[in-house]
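Listed below, chain by chain, are the residues.
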Amino acid sequence: MSANLSGIRHTRGFDVIKPLSIMTLIIVMMPLVLLPLASIFIFGTSNGLRSFWNALTAPEAIFALQLSMVTSFWATAFNVVFGLFAAYVLSKYNFWGRNALIVTISLPTAIPTAVAGFALLLLWGPYGILGKYLEPYGIHLMFTAAAIILANIFVTFPLAFGVIKPVFDTMNQSLEEASATMGATRWQTFWHVTLPSLRGAILSGALLTFARSVGEFGSTILVSGNLAGRTQTAPLYIFAKFNEGQVEAANAIAIVLALFSFLIFSVLFFARDWLEAE
Amino acid sequence: MTNKIKFGLTFVLAISLFMMSCLPSAPGGRGGGKAARTITVYGFSVMKESLEKEIYPAFAAKWKAEHGEDVSFQSSFAGSETVTNQILQGAPADIGIFSIERDVDRLIVAGHVPNDWYVTPQKGIVNKTPFVILVRKGNPKGITDFADLGKEGVKVIHPDPVSSGGAQWSILSIYGSELKKSEAETGKRDEARALNTLKTIWRNVIATPGSAREARTQFELGQGDALITYELDALLMKDANAAVDVVIPKSTIFSEHPVAIVDRNVTAEERPVVEAFRNFLWSEEAQKAFVKNHFRSATNEIFNTTNAQFGKIEMPFTVEYFGGWSKAYPEIIEKIFRDQVQNK
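Residues numbered from 1 in each chain as written. Chains lettered and ligands numbered in written order. Predicted model: local features only at pLDDT ≥ 70, side-chain atom pairs only at ≥ 80, totals over all residues.

*Asks:* Help me out: how do you make sense of the domain arrangement of chain B in this one?
*Replies:* Many structure descriptions define interface size as the accessible area lost when the parts assemble. Residues and elements named next belong to chain B. Per the domain assignment, the segments making up chain B are domain 1 (37–127 + 257–297) and domain 2 (128–256 + 311–342). Between the C-alpha centres of domain 1 and domain 2 the distance comes to 26 Å. Tallying the contact residues gives 21 residues for domain 1 and 23 residues for domain 2. Only α3 (80–88), α4 (101–109) and β4 (125–136) provide two or more residues apiece to the side of domain 1 that touches domain 2. Taken together, the residues of the side of domain 1 that touches domain 2 sort by class into 7 nonpolar, 8 polar and 6 charged. (Domains from an automatic or database assignment. Contact = placed C-beta atoms within 7 Å. Helix = DSSP H or I, 4+ residues; strand = E, 2+ residues; numbered from the N terminus. Nonpolar A, V, L, I, M, F, W, Y, C, P; charged D, E, K, R; others polar.)

Structure, rendered in structure tokens:
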């Protein structure tokens, strides 16, 4: 297609544009993405696989990875359910302030994550607007895993919604109407008609949210307390090790996260196809 | 794709999701069973090694022997000002070890630490270390004293005074050393000369990392020609065989590091063990461990003769030279550094 656009005829034989454009793609990606990623792998394993393995299996490293997974899981669970609900409401009903709500949901995308962090502190911290009323009851949200989940929810708020809503918008209304005419309840229609066509969008929304949560740093470092083995997530662990000058330990976990996102986006790529192909 | 494969994949996904949601119960259980007491320590960046390698295990063994209880530690390290801000925001520190006394003052004002926190031996100071200059192996830029850092073409890494206590020590060190030298030469503190040296050095600063430790990492990764830092951190780098040389300025400051119990976070039940840990920091055992890890002892100068790597400083001084932190911070860090050097 690119050949047609650029006006070069290729009625038969070899299309020069194809290899050229692929090469350009890779050459541009080289210094921007591929080499930086490669350097993580080179540095992480520079002292041999043995010390890479030791860095990886340090109890605090394993804990950090687990904590990242758990907090990201709950943030994802919430944001997917909420994103689904919000998308349903906002594409089904038209009401005053609807666009304002849509804009508000999308806001966290552009807000610096550090701002998200201290906004949460100002609200839920022991001296925060609401946090000070919880303090006497011994309820601490900040500097716990709950704080990390709240931060993840804030930062990834628009992602699942953003993927699900367009599918809602373009959904074939006639199917739902047919379902209703056949006597299905609102819930039955949603469960048997609406939801199945959303599976692909829900999965990609979930994976995007999860991937983004696992990598979250700016807000987490402010709200978590950064205690190794207690409230230190994988990105915080990487940062701490880097600051301590243990670049190799930092790289070991960075490699895990890099492979992990590779896995997530591979699943995203393939799974979406077969979920939607149905 | 067949239904069977699909079912299998869904099943695997469901299991892994279930496992992920369950994990929160697992963490936390480090350092032995439920009976273990845990002390939460927030420390400024370069405290990490000596605490984790020597002090924690030594205290845990002592407490176990005396009380039969297990004690475990959890800690977080960052720039001194950052640590203080975290505690001010409610971070669960039982005890804080800071680079500068000003940070304890900030906690007192906020009601986290009582006014009489320093009613301990050594006025709350656990250890000290002089400020030195770290250069590349062989000293290619020919740095011999602070003033040389202001020479044309020298690139300096200097931590950020906003977040790092070490950075503030460094500024006091540069400024005070010029006063001290001028005083020795002419009998008068030459403030114009001191300001000028600070200005020329700051022109050469190419990066201001958040803590002394971050600054060291950047230097180790090859940035800059020189780094002003704690002697302790410079010696730790030498121990790690980094290709660096230590330059001892003719005159430099001894940074003194206070410890304070964060009263607000310590329950009556935890108090004995937290206090015992703080007091342990002044014990002979702990002070010797600090010296071994290149801090200088705050309690006994004889311990300090046991570390052969310590540099000799011709004209040392402390923050008392400026009348203490309550004067040094507003008059030098704010009025001179911030207003006349940084914002110029």
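*Asks:* How should I be thinking about the domain arrangement of chain A in this particular structure?
*Replies:* Residues and elements named next belong to chain A. Here the domain parsing of chain A yields domain 1 (14–44) and domain 2 (49–277). Each of domain 1 and domain 2 was reduced to a C-alpha centroid, and the two centroids are 30 Å apart. Residue-level contacts link 5 residues of domain 1 with 8 residues of domain 2. Across the side of domain 1 that touches domain 2, the residue classes break down as 4 nonpolar, 1 polar and no charged.

*Asks:* I keep staring at the nonpolar core and nothing clicks. Help me out?
*Replies:* As a rule of thumb, nonpolar side chains are buried together in soluble globular proteins. Counting 146 residues, the largest nonpolar core has A:Ile164 and B:Leu134 as the members making the most contacts within it. If you tally residues by element for this core, the top one is helix α8 (residues 145–170) of chain A, at 16 residues. Setting aside chain neighbours within four positions, we find A:Ile164 in contact with A:Gly83, A:Leu84, A:Ala87, A:Leu198, A:Ala201, A:Ile202 and A:Gly205. (Core = buried A, V, L, I, M, F, W, Y, C linked by C-beta atoms within 7 Å. Buried ≥ 20, exposed ≤ 12 C-beta atoms within 10 Å, placed from the backbone.)

*Asks:* Just to check I follow, could you spell out the interface of chain A and chain B for this structure?
*Replies:* Tallying the contact residues gives 25 residues for chain A and 25 residues for chain B. Tallied by class, residues from the side of chain A that touches chain B come to 16 nonpolar, 7 polar and 2 charged.

*Asks:* What is the right way to read unusual backbone geometry from this model?
*Replies:* All names here are of chain B. Positive phi is not limited to glycine here, since Asn 139 has a value of about 50°. Its location among the elements puts Asn 139 in the loop between β4 and β5 (156–157). Although it is not a glycine, Asn 241 sits at a positive phi angle of roughly 60°. Structurally, Asn 241 is set in the loop between α8 (231–239) and β8 (244–247).

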